[in-house]
Amino acid sequence: MAFFEMVKTALRTVLSRPATIRYPAEPAKKTLLTRGHVTIDESRCISCGTCQRKCPAQAILLNKEEKTWQMDRLRCVVCNSCVDTCPVKCLFMDTQYTAPTVTRGVEIVTITYVKPVKAADKGEIQG
Ligand code: SF4
Ligand code: SF4
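Residues numbered from 1 in each chain as written. Chains lettered and ligands numbered in written order. Predicted model: local features only at pLDDT ≥ 70, side-chain atom pairs only at ≥ 80, totals over all residues. Heavy atoms only, no water.

Novice: Explain the overall build of the chain to me, using residue names and the numbers behind them.
Specialist: In terms of helices and strands, the chain carries four helices and five strands. The order of α-helices and β-strands along the chain, N terminus first, is α-β-α-β-β-α-β-β-α. The C-alpha radius of gyration computed for the chain amounts to 22 Å, which surpasses the reference 14 Å derived for 127 residues by more than 25%, pointing to a less compact arrangement than a globule. The principal-axis extents of the C-alpha atoms in the chain amount to approximately 80 × 30 × 30 Å. When the accessible surface of the chain is summed, it comes to about 9,600 Å², and 58% of that surface belongs to carbon and sulfur atoms. Each charge class in the chain was averaged separately, 19 positive and 12 negative side chains, and the resulting centres sit 6 Å apart. (Helix = DSSP H or I, 4+ residues; strand = E, 2+ residues; numbered from the N terminus. Rg over C-alpha atoms; globule rule 2.2 N^0.38 Å. Areas by Shrake-Rupley, 256 points an atom, 1.4 Å probe, with all protein chains shown as cover. Lys, Arg positive; Asp, Glu negative; His and termini not counted. Charge placed at Lys NZ, Arg CZ, Asp CG, Glu CD.)

Novice: Outline unusual backbone geometry, supporting the account with residue identities and numerical values.
Specialist: Where the residue is not glycine, phi is negative for most of them; where a peptide bond is considered, it is trans in most cases. The step from Tyr23 to Pro24 runs through a cis peptide bond, and the omega angle for that step is 10°. You can see Pro24 is positioned in the loop between helix H1 (2-15) and strand E1 (37-40). Positive phi, close to 55°, is recorded for Val78, a residue that is not glycine. Mapped onto the elements of the fold, Val78 is located in the loop between strand E3 (68-72) and helix H3 (81-85). For Val78, a relative accessible area of 22% puts it in the partly exposed group. Of note in this structure, Asn80 is not a glycine but carries a positive phi near 80°. Within the secondary structure, Asn80 sits in the loop between E3 and H3. (Buried < 20%, exposed > 50% of the residue type's maximum accessible area, 1.4 Å probe, protein only.)

Novice: With reference to specific residues and values, describe the sheet that holds strand E5 (residues 106-110).
Specialist: The strand order across the open sheet built from three strands is E2-E3-E5, with neighbouring strands paired in antiparallel fashion. Edge positions in the sheet fall to strand E2 (60-63) and E5, since each of these pairs with one other strand and no more. On average, adjacent strands in this sheet sit at an angle of 15° to one another, irrespective of strand direction. Strand direction decides the pairing type here: E2 and E3, joined by four bridges, are antiparallel. The residue of E3 that forms the bridge with Leu62 is Trp69. (Pairing = 2+ DSSP bridges. Axes fitted to C-alpha atoms, helices over the stretch in contact; angles between N-to-C directions.)

Novice: Can you explain the site of ligand 1? Please cite residues and give values.
Specialist: With respect to spatial proximity, the complete set of residues near ligand 1 consists of Val38, Cys55, Pro56, Ile60, Met71, Cys76, Val77, Val78, Cys79, Asn80, Ser81 and Cys82. Across the shell around ligand 1, the residue classes break down as ten nonpolar, two polar and no charged. (Near = heavy atom within 4 Å. Nonpolar A, V, L, I, M, F, W, Y, C, P; charged D, E, K, R; others polar.)

Novice: Report on a positive patch on the surface, specifying residues and quantitative values.
Specialist: A cluster of basic residues, Arg53, Lys54, Lys64, Lys115 and Lys118, forms a positive patch at the surface. Exposure remark for Lys115: the relative accessible area of 38% places this residue in the partly exposed category. (Patch = residues over 30% accessible without salt bridge, like charges linked within 9 Å, V, L, I, M, F, W, Y side chains within 5 Å. Salt bridge = Lys/Arg side-chain N within 4 Å of Asp/Glu carboxyl O.)

Novice: Hey, could you go over the site of ligand 2 for me, with residue numbers and the actual values?
Specialist: For ligand 2, the set of nearby residues contains 14 residues, the closest of which are Cys45, Cys48, Gly49, Cys51 and Cys86. A per-class count over the shell around ligand 2 returns eleven nonpolar, three polar and no charged.

Novice: With reference to specific residues and values, describe the pattern of salt bridges.
Specialist: Tallied over the full model, the rule gives three salt bridges. With a closest N to O distance of 3.5 Å, Glu5 and Lys8 form a salt bridge. Of this pair, Glu5 and Lys8 both sit in helix H1, separated by three residues, roughly a single helical turn. For Glu5, a relative accessible area of 41% corresponds to the partly exposed category. Using a relative accessible area of 48% as the deciding quantity, one classes Lys8 as partly exposed. One salt bridge in this structure joins Arg73 and Glu107, with 3.0 Å as the shortest N-O distance. Of the two residues, Arg73 sits in the loop between E3 and H3 while Glu107 sits in strand E5, which places them 34 residues apart along the sequence.

What is shown is where atoms sit, not what they do.
Below is the structure:
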């Protein structure tokens, strides 16, 4: 009996359309909720570092001295945590997937604003 069930399943699978697509040759199916890749509006970033702290995959690296925001695409698990927690909403989840690549997907973006050091922090630095 199990044999006939197996044959039935095999035939059904052979005769049905594949569940997968030949991406990237065929465009991926997308909806409004599709998580493609994180993008940043660098002009609005206040370099608070929240996205870096909240990222479970350590995919984001903020360098306040060099005014850069860095994203390692191969580490990102597309969880949306950085987008949800950015206080100025300058991170977005684009529905477009990044192009397949064999090289390390680190992107470095120059940000234009660095949060001023607080008076208390200045005291610590000088003192
Ligand atoms: S989407 Fe998730 S894993 Fe990717 S950078 Fe943001 S917080 Fe990190
Ligand atoms: S992208 Fe948003 S959360 Fe990340 S450092 Fe800039 S302002 Fe802060």
